[in-house]
Amino acid sequence: MVYLEDKDSLVKKGITQLLEIKDADIRMLSLHQCRHAIDNAIHIGGAFSATIPMVSLFYGGIIDIDVENPTSIQQDQFVLSKGHAVATLASIYSDLGYFDKKILENSRSIESILNGHPGPLLPGVHLATGPMGQGMGVAQGMAIAGQNSQKFDVFAITGDGELQEGPIWEAVMYAGAQKLENLCVMVDNNGGQLDSVSRLHYPYHGLGASFASFGWRVVEVDATRYHAVYDALHSFKYGARDGRPTAIICKSTKGHGGFSDQMNNHKAKIDDAILDQETALHKKARKEREAYFCDFFNALGQEDGYDEIQTTIQKHAASMGLELTGGKKIKEVKSKPSKVKTKKAPKRDKKITYDSSALPALEKGSSHAAHKVIESAMKVFAKDSRVFSVDSDLASTSGLQAGIGFVDKARAHNAGVAEANMMLIGEALGILGSNVWVSTFCPFFDWKVLRRIAVGHQERLEIIEEKGWLSEGHGLDYTMLATAADLETQSNGATHMGNDDVLVMNETAHVKIINVSCPQQLLGIMKWIMEGNKGIIYLRILRAPSDVLYDTDFMFEFGKSYTIEQKKKIDAYIVSSGRGVSEAVEASKLLEKEGLGVEVIDMPSIDSDAIQTLYESGKPVFIAEQNNGFIWTHFRRVLFSTRVTIDTANLYPINLSKNGEINYVHSGTYPQLAAHFGLDAASLSKTISKTLK
């Protein structure tokens with residue numbers, strides 16, 4: 001047999017035939033998962049339509065990964081943005097050796113680390129996905145890192161239903177503008193979604209053109225054929241690049257590759273009879289593909305000068321976990337049993353190194369704007385290359401971009417008016433081990449994005465605690481710098497006012513809330529965060545300049561409150577945070593003139609011990625807050641968790657709620673608003689004086 005193709009074409013033909021054989025192995029593993037799942041169900045439609053793109057990526061010699069060390073940043077990164085295809089991911093990862101194939105059984109159960117959607121419980125998986133439209137933004141953030149110190153490529157798989165989510169297009173715009181040529185997104189264009197598996201709720205008119213309009217290189221392929229997908233991926237990985245990220249539109253159908261129409265569903269509970277039938281057909285298909293490949297391979301051996309091609313194909317088969325048996329004339333393509341290769345990730349040192357003597361000196365009584373303190377401090381902290389920031393068109397209120405950008409503008413990003421994308425970029429950088437700061441106005445953080453980030457962070461902490469594949473230092477160091485807290489937004493109006501954000505964040509697991517009262521405290525908090533391993537922080541700062549209340553030796557400790565000035569005689573306490581502390585200090589001075597001793601407790605983070613001590617003192621406690629009652633909420637929570645009953649006679653909440661009802665706040669100057677709600681020094685002193693007398 002005389003071949004007319006060149007040698008490279010013959011190698012590609014051999015590889016794609018091997019991919020078709022591997023395809024059957026992976027699909028049978030996915031069916032095995034369904035058979036042994038706690039609910040005998042699987043997201044089969046999206047898992048099967050994503051199989052050809054994912055098998056091409058992981059077995060085609062495209063993605064460069066280190067299975068032994070999945071957290072190393074000296075390798076390509078993968079994000080399964082369409083988390084519904086977790087079955088395919090798990091099948092491939094078990095076959096590659098990230099974990100034992102036994103994990104594929106009993107999935108979705110409380111005992112299993114293989115959930116209905118992927119997350120860091122599963123070795124080799126870096127983030128939790130499932131909520132639509134978010135994984136691609138994280139992939140984009142990884143690509144940003146991949147263009148910096150360590151050069152690597154990033155691959156993501158999205159679904160076309162997922163492209164109906166807005167954050168996807170925030171990422172598409174930003175990635176194009178940033179010329180992330182190391183980013184390849186594969187769109188599983190299977191034309192269906194949950195409520196309608198045969199069509200999208202609304203069609204895309206020129207999906208590829210939409211990507212191209214934002215500066216992407218677009219390749220549209222028939223994703224029911226391996227050679228088409230493989231060629232597109234090969235072109236991205238080994239072809240010339242021109243500054244554009246790549247979108248490969250993989251045209252397919254939901255459940256493609258399955259034989260029964262049961263495979264065309266979004267999620268299906270499949271009985272054993274159908275699973276037996278489907279598995280038998282995949283075994284038969286594998287045998288046919290195997291025979292076709294053997295004929296092709298053996299024919300190469302009959303041609304002079306084709307030994308090198310055979311050797312190359314044989315090496316590639318070995319890299320896929322396939323063994324060509326039978327000597328010079330092969331008769332079989334066996335699947336070699338996989339072994340677990342992933343090792344425990346080495347400990348990450350998250351402590352940021354810096355010259356403390358270079359930090360700004362803030363004298364007690366002097367006045368400073370928070371964003372200027374942050375800018376000055378970040379010029380020092382950012383000399384450590386692990387410090388990154390992402391603003392969302394509000395860099396002038398945070399100081400992050402000015403500070404970090406002064407050292408290295410490649411680590412100071414601005415996502416524009418795209419808060420969700422800002423948070424996703426930040427998550428990506430945090431996953432890779434950086435100390436990340438993201439910032440916007442208090443009410444503008446995206447709760448849906450934050451919740452998924454927090455889920456992934458929890459999974460990381462669980463695995464670290466259980467001494468699994470992750471080790472100390474592999475949690476996130478992720479600070480949300482929330483500007484214009486409480487009444488600081490002033491005349492911008494209710495939509496921009498940070499009065500209820502803190503209560504919303506309060507109900508999100510694993511978020512540590514800190515309210516800053518003065519510049520010195522802010523600097524102390526920043527130093528505390530730079531120690532590393534602090535998790536997800538929601539840090540609320542002031543907008544206007546404020547006086548320094550603490551000495552230069554101030555040290556911040558989370559969960560601790562601070563007495564501003566101790567009183568010899570104590571008639572009452574004021575508990576506050578943020579700008580309210582300065583008002584409380586002035587109110588205390590006014591009350592002192594009346595012969596009343598009122599001690600001010602600054603509670604930047606909730607101090608449960610202090611709450612109980614204050615309650616047990618028997619003295620009146622005034623909880624004065626320029627929000628809807630964050631500290632007051634915790635007073636009730638702490639006291640009810642330790643007592644059968646509580647006496648509220650000496651507890652006086654003063655906040656922005658009216659008659660216990662949460663409200664939004666209208667525009668006004670700070671003095672107007674503080675006075676209106678009885679939270680300025682004069683109003684506080686009158687209220688306390690009247691109560692005590």
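See above for the structure.
Residues numbered from 1 in each chain as written. Predicted model: local features only at pLDDT ≥ 70, side-chain atom pairs only at ≥ 80, totals over all residues. Heavy atoms only, no water.

(A) Expanded view of the sheet that holds strand β19 (residues 572-576). Pairing is mixed across the open sheet formed by five strands, whose spatial order is β18-β20-β19-β21-β22. Each having just a single partner strand, β18 (562-563) and β22 (651-654) make up the two edges of the open sheet. For β19 and strand β20 (residues 598-602), the ladder comprises five bridges, and the chain directions are parallel. For tyrosine 573, the partnering residue across the bridge sits in β20 and is glutamate 599. Sitting on the sheet, helix α18 (residues 579-592) is in contact with β19 and β20, with an inclination near 170° to β20. (Pairing = 2+ DSSP bridges. Helix = DSSP H or I, 4+ residues; strand = E, 2+ residues; numbered from the N terminus. Contact = heavy atoms within 4.5 Å. Axes fitted to C-alpha atoms, helices over the stretch in contact; angles between N-to-C directions.)

(B) Expanded view of unusual backbone geometry. Although it is not a glycine, lysine 179 adopts a positive phi angle of roughly 55°. Its location among the elements puts lysine 179 in the loop between α6 (166-177) and β4 (183-189).

(C) Here's a closer look at the pattern of salt bridges. Considering all chains together, one arrives at 37 salt bridges under this definition. A salt bridge links lysine 237 to aspartate 76, with the shortest nitrogen-to-oxygen separation between them at 2.6 Å. Within this pair, whereas lysine 237 is found in helix α8 (residues 226-238), its partner aspartate 76 is found in the loop between α3 (51-59) and β2 (77-80), the two being separated by 161 residues in sequence. The partner of aspartate 384 in a salt bridge is arginine 386, and the shortest N-O contact between them spans 2.8 Å. Accessibility expressed as a relative area gives 23% for arginine 386, which makes it partly exposed. Members of the salt-bridge network, linked through shared partners, are Asp25, Arg286, Lys287 and Glu290. (Salt bridge = Lys/Arg side-chain N within 4 Å of Asp/Glu carboxyl O. Buried < 20%, exposed > 50% of the residue type's maximum accessible area, 1.4 Å probe, protein only.)

(D) Geometry of the environment of leucine 281. Looking at the element boundaries, leucine 281 is found in helix α9 (residues 272-300). Note: C-alpha distance between leucine 281 and alanine 24 (257 residues apart in sequence) is 9.4 Å.

(E) Seen up close, the packing of aromatic side chains. Tallying each qualifying case throughout the model produces 17 aromatic pairs. Geometrically, the ring pair formed by tryptophan 528 and phenylalanine 556 is edge-to-face, given 5.2 Å between the ring centres and 75° between the ring planes. You can see tryptophan 528 sitting in helix α17 (residues 519-529) and its partner phenylalanine 556 sitting in the loop between β17 (546-547) and β18, a full 28 residues away along the chain. Take tryptophan 528 and phenylalanine 556: they sit in the same class, and that class is buried. Ring centres of tyrosine 550 and tyrosine 562 lie 6.0 Å apart, and the angle between their planes is 75°; on these two criteria the pair is classed as edge-to-face. Here tyrosine 562 lies in strand β18 and tyrosine 550 lies in the loop between β17 and β18, a separation of twelve residues in the sequence. Across this residue pair, the class does not change: tyrosine 550 and tyrosine 562 are buried. The structure contains a cluster of three or more aromatic residues connected by ring pairs, namely Phe58, Phe78, Tyr93 and Tyr98. (Phe/Tyr/Trp six-rings, centres within 6.5 Å; stacked < 30°, edge-to-face > 60°.)

(F) Representation of the environment of histidine 666 within the structure. Looking at the secondary structure, you find histidine 666 in the loop between β22 and α21 (670-676). Judged by relative accessible area, which is 64%, histidine 666 ranks as exposed. Placed 173 residues apart in sequence, histidine 666 and glycine 493 show a C-alpha to C-alpha distance of 5.0 Å. Apart from the residues within four sequence positions on either side, histidine 666 is in contact with Gln490, Gly493, Met497 and Leu673.

(G) Structural context of the sheet that holds strand β5 (residues 217-222). The strand order across the open sheet built from five strands is β2-β3-β4-β6-β5, with neighbouring strands paired in parallel fashion. For this open sheet the edge positions go to β2 and β5, each flanked by a neighbour on one side alone. Within the sheet, the average angular offset between the axes of one strand and its neighbour, ignoring direction, is 15°. Relative to strand β6 (residues 246-251), β5 runs parallel, the two being bridged by six bridges. Across the sheet, glutamate 220 pairs through a bridge with isoleucine 249, a residue of β6.

(H) How the structure looks around the pairing of β20. Here β20 lies mainly inside the structure; five of its five residues are buried. Where burial is concerned, the two faces of β20 agree: the one with Val598, Val600 and Asp602 and the one with Glu599 and Ile601 are both buried. Inspection of the sheet shows β18 paired to β20 by two bridges, in the antiparallel sense. Pairing of threonine 563 across the sheet is with isoleucine 601, part of β20. After leaving β19, the chain enters α18 and then returns to the sheet as β20, a path that is right-handed. (Right-handed = clockwise from strand over helix to strand, strands pointing away.)

(I) A look at helix α14 (residues 419-431). Here α14 contains 13 residues, and its C-alpha end-to-end distance of 19 Å stays within 8% of the 18 Å for a straight helix at 1.5 Å per residue. Among the 13 residues that make up α14, 13 are buried, leaving the element largely enclosed by the rest of the structure. Positioned one or two residues after α14, glycine 433 has a phi angle of 105°, which is positive. (Expected span 1.5 Å × (residues − 1).)

(J) Representation of the side chain of threonine 342 within the structure. Tracing the chain through its elements places threonine 342 in the loop between β9 (332-335) and β10 (367-368). Within polar-contact distance, the side chain of threonine 342 engages the backbone oxygen of tyrosine 98 at 3.4 Å. Those residues in contact with threonine 342 that lie beyond four places of it in its chain are Val67, Glu68, Pro70, Gly97 and Tyr98. (Polar contact = N/O pair within 3.5 Å; in protein donor to acceptor, adjacent residues only side chain to side chain.)

(K) Here's a closer look at the state of the cysteines. Following the criterion strictly, the structure yields zero disulfides and no others. Between cysteine 442, a free cysteine, and cysteine 518, which holds the nearest cysteine sulfur, the sulfur-to-sulfur gap is 18 Å. (Disulfide = S-S within 2.5 Å.)

(L) How the structure looks around the side chain of serine 689. Of note, serine 689 is situated in helix α22 (residues 681-692). Every residue in contact with serine 689, bar those within four places of it in the chain, is listed here: Leu591, Glu594 and Leu596.

Remember that the coordinates give geometry; whether it matters functionally is a separate question.
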